[in-house]
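# Observations on the model geometry
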Amino acid sequence: MNRIKLIKISISLLVLIFVFTACNNSKKEPQKEEVSTPHYAANWDSLAAYQEAPEWFREAKFGIYAHWGVLSVPAFANDWYPRLMHVEGSVENKHHVETFGEPSEFGYHDFVPMFKAEQFDAEAWADLFQKSGAKFAGIVAEHHDGWSNWDSETNPWNSMDKGPHRDIVGELGKAIHGKGMKFVTSFHKARNLQIFQQDSTKWLDDTSYFPYNPKMPTASNDPELSILYGNIEKEVFYSNWLAELKEVIDNYHPDLIYFDGKLDKIPDTYKEEFAAYYINQSLARNQEVVITHKEGELPKSVSVEDFEKGRMNKITEDYWLTDETVSVGSWSYTHDLGLKTADEIIDLLADIVSKNGAMMLNVSPMENGIIPENQQQILLTIGDWLNTNGEAIYGSSTWKVFGEGPTKQEKSGMFLDKLTYTAQDVRYTKRGNTIYAIVLGWPGNDTPITLSSVTSKVLGEDGLSIEKISILGSDQDIPFSLDTEGLKLTTPSQTIDDKAFVIKIETKK
């Protein structure tokens, strides 16, 4: 048999094998095309394609977290005690010297064994947060003080190896996810890095949480102490910052990571690597996550902007977040902690949601892990209000205007002056063709009200007519009239709430 015949026979055999295989495969179930998970490169341009405010976050509107850790132990002044105890002549320094001794003898690190968290009950916290109406909840994973509230392999100053010897983030994350809520971890570590001039007249650096002082532990070169006080080489600090975030992402799967200020201290390469790692790891678990920033320290295309104790003064296209606190003054617990009222917080929530924002409310547990009863009552009152009026908040969107009334917020931003809203102030949201008017106070029983933003002209522009008016929490019929001056109605003969109440305006085309 010559070579040409061998080749022809080989080709024939290959054809037969191909036909047989094709016929055999045709009898099998068709293979589903695998949809690959998007993968983002560690650069802002690639990450910009990610939806920074996923649907669950846009619908949630209200969350709770807690400032709690070693900084809760002294329970004096405010959450900047760990810094100010090192500033000679300050009120905090004088208190520290009188109560505990000179910082050179009793440093901040000496509070660590006193943080025992002996009554911390993660399930009780999660239950309280859920009853308060929160859709996302969590804890400060690491404050400026360099203390990690989780079982860290990177940071020796952590809650498993020292202090309470418990994995606080792990316990709370399991409890919160178990309740069906999204889990929050916040990171304030960036300010912990000391950037200083070792000069006797320039040791106090306003961008660092712990001031460098040669007479105090903040200047210690002890390998472990220097990590707590941020007195380490910048590249080591950056590496630890990233490694700690990866630990929390891998071990606890938070749905939202909040960053406090001074992220400008961290180079973009580290921030880009964090964002890509967090988003990619989360998407692989079919999880959509949120990253927040302050003052433009991360691109808006990747993260949600947060306004600490502030908010926008108009409706915005971008979705945003306000972090507020139940307390007045300190974010962490102090013995004389003042508190806002539930009424004030509800008014803030309504104002924020009406402008396309969400609120994350801080609580301040005591060192032992108990959330004080007066704080719990405020949270439960908010929860009761949301049980009645939540349809005007959860899953809502903005209407044509955010509101009306005499109380004006002149500017947008952080740390705004307190505003006291009245029964003449109204905030609007909507769901489908239903408009909600949230009146920020009870004007009285059987009292006439005019909603001047809801006019026959405004509704007519969208081809809408009013089908029904009701007040959430009341079964009383609400007669109304609509003209060019607005929607006119009268409040029920019985008080609905001494706080905000909601007029539900159902319309149809």
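Residues numbered from 1 in each chain as written. Predicted model: local features only at pLDDT ≥ 70, side-chain atom pairs only at ≥ 80, totals over all residues. Heavy atoms only, no water.

## Some details on the overall build of the chain
- Along its length, the chain carries 13 helices and 18 strands.
- Principal-axis analysis of the C-alpha atoms gives the chain an extent of 110 × 75 × 40 Å.
- Going through the 509 residues of the chain one by one, you find that 55% of them count as buried.
- Contacts in the chain between residues far apart in sequence, at least 24 positions, make up 71% of those at least 6 positions apart.
- Accessible surface, the chain: about 22500 Å² in total, of which carbon and sulfur atoms supply 50%.
- Measuring between centres, the 49 positive side-chain charges of the chain sit 8 Å from its 75 negative side-chain charges. (Helix = DSSP H or I, 4+ residues; strand = E, 2+ residues; numbered from the N terminus. Buried < 20%, exposed > 50% of the residue type's maximum accessible area, 1.4 Å probe, protein only. Contact = heavy atoms within 4.5 Å. Areas by Shrake-Rupley, 256 points an atom, 1.4 Å probe, with all protein chains shown as cover. Lys, Arg positive; Asp, Glu negative; His and termini not counted. Charge placed at Lys NZ, Arg CZ, Asp CG, Glu CD.)

## Topic: the nonpolar core
- Counting residues in each nonpolar core, the largest one holds 103 residues, and the members touching the most others are Phe129, Phe259 and Phe274.
- Apart from the residues within four sequence positions on either side, phenylalanine 274 is in contact with Trp241, Leu242, Leu245, Ile249, Ile257, Phe259 and Ile291.
- By size, the runner-up hydrophobic cluster in this structure holds 22 residues, among which are Ala437, Leu451, Ile469 and Phe501. (Core = buried A, V, L, I, M, F, W, Y, C linked by side-chain atoms within 4.5 Å.)

## Here we look at the side chain of asparagine 149
- You can see asparagine 149 is positioned in the loop between strand E2 (136–142) and helix H7 (168–178).
- Among the polar contacts listed, one links the side chain of asparagine 149 to the side chain of tryptophan 147, at a separation of 3.0 Å.
- Beyond its immediate stretch of four places on either side in the chain, asparagine 149 contacts Trp68, Gly69, Phe115, Ile139, Val140, Ala141, Ser159, Asp167, Ile168 and Val169. (Polar contact = N/O pair within 3.5 Å; in protein donor to acceptor, adjacent residues only side chain to side chain.)

## Focus: the pattern of salt bridges
- Evaluation of the coordinates by the stated rule reveals 25 salt bridges.
- A salt bridge links lysine 189 to glutamate 142; the nearest nitrogen and oxygen atoms lie 3.3 Å apart. With a gap of 47 residues between them, lysine 189 in the loop between strand E3 (182–187) and helix H8 (225–228) and glutamate 142 in strand E2 connect regions that are remote in the sequence. Both residues of the pair, lysine 189 and glutamate 142, count as buried.
- In this structure, lysine 294 and glutamate 308 form a salt bridge, with 2.3 Å as the shortest nitrogen-oxygen distance. (Salt bridge = Lys/Arg side-chain N within 4 Å of Asp/Glu carboxyl O.)

## Focus on the sheet that holds strand E12 (residues 426–431)
- The sheet built from five strands is open, its strands ordered E11-E12-E13-E18-E15 with antiparallel pairing. Looking at strand neighbours, the two that pair on one side only are strand E11 (403–404) and strand E15 (465–471), the edges of this open sheet.
- Bridge count between E12 and strand E13 (residues 434–439): six bridges; the pairing is antiparallel. Within the sheet, the bridge partner assigned to arginine 431 lies in E13 and is threonine 434.
- Contacts between helix H11 (residues 342–354) and the sheet are confined to E12 and E13, with E12 contributing the most and set at about 55° to the helix. (Pairing = 2+ DSSP bridges. Axes fitted to C-alpha atoms, helices over the stretch in contact; angles between N-to-C directions.)

## A short note on the packing of aromatic side chains
- Enumeration over the complete set of coordinates arrives at 32 aromatic pairs.
- For the pair tyrosine 108 and phenylalanine 210, a centre-to-centre distance of 5.8 Å together with 50° between the ring planes defines the contact as tilted. With tyrosine 108 in the loop between helix H5 (91–99) and helix H6 (122–131) and phenylalanine 210 in the loop between E3 and H8, this pair connects stretches of sequence that are 102 residues apart.
- Residue tyrosine 108 is classed as buried on the basis of its relative accessible area, which comes to 0%.
- With a relative accessible area of 0%, phenylalanine 210 lands in the buried category.
- Here a set of aromatic residues connected by ring pairs shows up, and it is made of Phe76, Trp80, Tyr81, Phe100, Phe106, Tyr108, Phe111, Tyr209, Phe210 and Tyr229.
- Sitting over the face of the ring of tyrosine 394, lysine 135 holds its NZ or CZ atom 4.5 Å from the ring centroid.
- The ring of tryptophan 157 carries the charged tip of lysine 162 above its face, separated from the ring centre by 4.8 Å. (Phe/Tyr/Trp six-rings, centres within 6.5 Å; stacked < 30°, edge-to-face > 60°. Lys NZ or Arg CZ within 6 Å of the ring centre and 35° of its normal.)

## Considerations on the environment of aspartate 477
- Mapped onto the elements of the fold, aspartate 477 is located in the loop between E15 and strand E16 (480–483).
- Among the residues examined, aspartate 477 registers a relative accessible area of 67% and is labelled exposed.
- As a C-alpha pair, aspartate 477 and proline 492 span 15 residues in sequence and 8.2 Å in three-dimensional space.

## Describing the environment of serine 152
- The topology assignment puts serine 152 in the loop between E2 and H7.
- Not counting the four nearest positions on each side in its chain, serine 152 is found in contact with Asn158, Asp161 and Glu247.
- Separated by 2.8 Å, the side chains of serine 152 and glutamate 247 make a polar contact.

## Some details on the packing of H6 against helix H12 (residues 373–389)
- Packing of H6 against H12 brings their axes to within 7 Å, and their N-to-C directions diverge by 40°. The angle between H6 and H12 places the two elements in the oblique class. For the pair formed by H6 and H12, the contact residues are Leu128, Phe129 and Lys131 on the first element and Gln376, Leu379, Leu380 and Gly383 on the second.
- Classifying every residue of the contact of H6 with H12 gives four nonpolar, two polar and one charged. (Parallel < 35°, antiparallel > 145°, perpendicular 65-115°, else oblique. Nonpolar A, V, L, I, M, F, W, Y, C, P; charged D, E, K, R; others polar.)

Keep in mind that these numbers describe shape and distance, not what the molecule does.
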